[in-house]
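Inside the fold
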Amino acid sequence: MSNNSSSSSVARYFDTMDYGPAPESDTDAREWLARHAEGFGHFIDGRFTSAVEGAHFDTAEPATGQRLARIAQGSAKDVDAAVAAARAAQPGWFALGGHGRARHLYALARMVQRHARLLAVVEALDNGKPVRETRDLDVPLAARHFYHHAGWAQLQEREFADQVPLGVVGQIIPWNFPLLMLAWKIAPALALGNTVVLKPAEFTPLSALLFAELAAQAGLPRGVLNVVTGDGATGAALVAHEGVDKIAFTGSTEVGRIIRTATAGTGKSLTLELGGKSPFIVFDDADIDAAVEGVVDAIWFNQGQVCCAGSRLLLQEGIADDFIARLKRRMQTLRVGSPLDKAIDMGSLIDPTQLERVRSLVATGVREGASCYQAPGALPPGGSFFPPTLLTGVQPASTVATEEIFGPVLVTMTFRTPDEAVALANNTRYGLAASVWSETIGLALGIAPQLQAGVVWVNATNLFDAGVGFGGFRESGYGREGGREGCYEYLKPRAWAERKPRSSAVAGAATAANEAAADAKNEPVLALPAIDRTAKLFIGGKQVRPDGELSRPVFAANGQRVGEVGVGNRKDIRNAVAAARSAAAWSSATPHRRAQALYYLAENLSARAGEFAARIASLTGVAAKAAQSEVDASVSRLFAYGAWADKYEGTVHVPPLRGVALATVEPIGVVGVVCPDEAPLLSFVSLLAPNLAMGNRTVIVPGEKHALVATDFYQVLETSDLPGGVVNIVTGPAASLVRTLAEHDDVDALWVFGAKELSRDAERLSVGNLKRTLVDHGLATDWHDPASAEGPAFLRHATQVKNIWIPYGE
């Protein structure tokens, strides 16, 4: 009887091909939790400590809703203790040297591997994702990050000889990849000599606490890594702490804006990895079955709770119906179940709040005209489960096509031509990732550079590696994590670290007293007056009068009034930005073409060297020799960036797969530049030239006090071969023009050098569009020193890196 029953059971499984449950044991994880049953403290200075104010909260298991652990609620005092421990440890940690830190990171990598199963199970319990994903992706990739960055620590003295660590780094990570995000952030920070205060997500703190405990056992020195748990208030205290030199945040765009506002003007370095609404583009020559599997990995991996999830499926019209039919058949095989079941495809969403958000957005999509298809099959009782969902008939402007759902919901649209595909793909305020599917490699590689995304996968999706940078554009944030490009986010040029506050007294300051003195000294003489020359603005390759028809006087160092410059206003900036935007061809010009233009600028400036030297001497009061030296240095700087134009290039990463990742260097677009008063020609050229070399178009505001130097320079521009609109010069008050540039949505980045208040305003007022900024916080730059004012540090800020993954082979 039992044999027949057993035989029929086996036969039934062969007939139905049903999966039986394959649960992973959680015994070790439960034992670890039991050892902390009274509650977890913060991990500060190498040990667990009680919350200063004694507050705690409970976390729940997403798949069941049951209580999982008791977690300390961090206060400002807890953050202060953690920052103090990190600050005390940082000098010794850096002094340990690259090899010493490499050995520690190697030990952390080995530690992760030794405890891989425990970490994987804790992560699945805490987050609700399938243990198969934590086991096969999260934990191995976390180990890979520590191995990779152990190498950068070993090579630091040679490869980053001109860089120094930032100091104490505050890191705030999300709940969707708790352990992996920890590794992405901690590994480079520690490798390069920084110390860390980590704030894990309120929902998922357990893997961070387990990692810290194991790291101490592995010998990581006290204070190097500190973990403070808590909610948003804890994160806010970390962001606001004056002892933190950098904030690295991964999370929602809304919170990213809050952090950007809070750090504006503080001098803190900031990187943001925020939301996304990534396109998944399938052309009619694609391998459809492979692309269907790609969709499964793109949107139903980790329940769609992935910032770079391929949540917008763009199908070429000819294959759309067939593709959707095959996709629906594939959806019918997806299994939703307990995260510890190794045979399931999807686990639970993080909590009931997120579940309700996903339900609400799907309902909104249906109300707006979409058709909803959900994979059949019963969902497990309890927990926050949601089925794989497909919305078809979606319009590009609909809510579900524009808002990040952060759940297992795919929306579809169609296109006819490659140009239309690019337009639909870029029709988003985000710019994190994209996926392109085509068997014509030329088509795929032609589309990839046109996509406004930091990562592009060709015939693949959701590929990650520690050696390949990851990060976005626009409202997906800025900065990169991974690879060499990610290392620079935790370093600063040694020369910049030594800058001192700019003096408030600048030679040649124009005051009413200057004007009165000049008038008193100038007796009228009977001679022909000089022909009046009005210095105008320079917009779109032409000299134009300011919109407000206002001018302001410019004074020589001796107080004599030597001329007037236009007072630019909001409309002038608008016109200049429009001219720069229309000069987009400059960004696609060859590096050789840009190099030739810079050399030609240098040639024409050199031909008028005496005239510019006299102007500089007159306005600033420096000796003739010093003025000539500034002109010579400006010519040299133009030559330097002419040299860099076709030599600052990307690289080919070789991640551990059959394929490569092309790290391409792209111009940012339209860059606003505000110059300081000192070294009026050299600072102007030093900020303009790297942008020209890298293909950006500029709207540049000269230093107020010596703006005639810049208006003289536009005559050099007119005799060179730069296209109109590539360089636009607007003179006027820096304070108001910074505001306009910061708030302008068509300005992609903003560089501000000058008073500390200008830096604060540039960062604070550009929060709405999250544009990239390079500011000096009122610290003086030695413009004559190439280590401070020339080279790769400026070129990195003038570019953004796009990583294009290209797997190959069958």
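Parameters and conventions
- Residues numbered from 1 in each chain as written.
- Predicted model: local features only at pLDDT ≥ 70, side-chain atom pairs only at ≥ 80, totals over all residues.
- Heavy atoms only, no water.
- Pairing = 2+ DSSP bridges.
- Helix = DSSP H or I, 4+ residues; strand = E, 2+ residues; numbered from the N terminus.
- 1 Å grid on protein atoms, 1.4 Å probe; cavity = no way out; pocket = protein on both sides within 12 Å on 5 of 7 lines; lining within 4 Å.
- Points joined across faces, edges and corners; volume = space filled by probe spheres on them.
- Buried < 20%, exposed > 50% of the residue type's maximum accessible area, 1.4 Å probe, protein only.
- Contact = heavy atoms within 4.5 Å.
- Polar contact = N/O pair within 3.5 Å; in protein donor to acceptor, adjacent residues only side chain to side chain.
- Axes fitted to C-alpha atoms, helices over the stretch in contact; angles between N-to-C directions.
- Expected span 1.5 Å × (residues − 1).
- Salt bridge = Lys/Arg side-chain N within 4 Å of Asp/Glu carboxyl O.

1. Some words on the pairing of strand 23 (residues 561-566)
- In the sheet, strand 22 (residues 551-555) pairs with strand 23 via 5 bridges, with the strands oriented antiparallel. Bridge pairing links Phe555 to Arg561 in strand 23.
- In this antiparallel pair of consecutive strands, strand 22 and strand 23, the connection spans 5 residues, and Gly559 shows a positive phi of 95 degrees.

2. Some words on the layout of surface pockets
- A volume near 980 Å³ is recorded for the second largest pocket.
- Around the second largest pocket, the lining is made up of 38 residues, and of these Trp175, Phe249, Gly251, Ser252 and Val255 lie nearest the centre.
- Those elements that provide at least two residues to the lining of the second largest pocket are helix 9 (232-240), strand 9 (246-250), helix 10 (253-263) and helix 13 (352-367).
- Per element, the largest residue contribution to the lining of the second largest pocket is 6 residues, and it comes from helix 10.

3. A closer look at the pairing of strand 3 (residues 56-60)
- Going residue by residue along strand 3, you find Phe57 and Thr59 tucked away on one face and His56, Asp58 and Ala60 left uncovered on the opposite face.
- Hairpin connection of strand 3 to strand 4 (residues 67-72): 6 residues between the antiparallel strands, including Gly65 at a positive phi of 80 degrees.

4. A closer look at the environment of Tyr430
- Mapped onto the secondary structure, Tyr430 falls in the loop between helix 15 (418-425) and strand 16 (433-437).
- Beyond its immediate sequence surroundings of up to four residues, Tyr430 is in contact with Thr253, Gly275, Gly276, Lys277, Thr402, Glu404, Gln452, Phe473, Arg474, Glu475 and Ser476.
- Polar contacts involving the side chain of Tyr430 include one to the side chain of Arg429, which spans 3.1 Å.

5. Here we look at the sheet that holds strand 15 (residues 409-415)
- Strand order in the open sheet formed by 10 strands is 13-14-15-12-11-16-17-31-25-24, and the pairing between neighbours is mixed. Lying at the two open borders of the sheet, with one neighbouring strand each, are strand 13 (371-374) and strand 24 (651-653). Going from strand to strand, the sheet's axes swing by 20 degrees on average, the running direction of each strand aside.
- One ladder, built from 3 bridges, connects strand 11 (residues 279-282) with strand 16; its direction is parallel. Paired with Ile281 across the two strands is Val436, which belongs to strand 16.
- Where helix 12 (residues 317-331) meets the sheet, its contacts fall on strand 11, strand 12 (312-316), strand 13, strand 14 (389-392) and strand 15, and the angle it forms with strand 12 comes to roughly 135 degrees.
- Strand contacts of helix 13: strand 13, strand 14 and strand 15, with the helix running at about 25 degrees to strand 14, the strand carrying the most contacts.

6. Concerning helix 5 (residues 116-127)
- With 12 residues, helix 5 should cover 16 Å at 1.5 Å per step; its first-to-last C-alpha distance of 16 Å lies within 8% of that length.
- Burial of helix 5 is extensive: 10 of the 12 residues sit out of reach of the surface.
- For helix 5, the complete set of buried residues consists of Leu118, Leu119, Ala120, Val121, Val122, Glu123, Ala124, Leu125, Asp126 and Asn127.
- After helix 5 finishes, the residue Gly128 shows a positive phi value of roughly 90 degrees.

7. Quick word on the pattern of salt bridges
- Across all of its chains, the model carries 39 salt bridges by this definition.
- Note that Arg637 and Glu790 form a salt bridge whose closest N and O atoms lie 3.1 Å from each other. Residue Arg637 is located in helix 24 (residues 624-645), and its partner Glu790 is located in the loop between helix 29 (786-789) and helix 30 (792-797); the two are separated by 153 residues in the primary sequence.
- With relative accessibility at 3%, the residue Arg637 sits in the buried group.
- On the basis of relative accessible area, Glu790 is assigned to the partly exposed category, the value being 23%.
- Of the charged contacts in the structure, one is a salt bridge between Arg760 and Asp761, with a shortest N-O distance of 3.1 Å.

In short, geometric facts, not functional conclusions.
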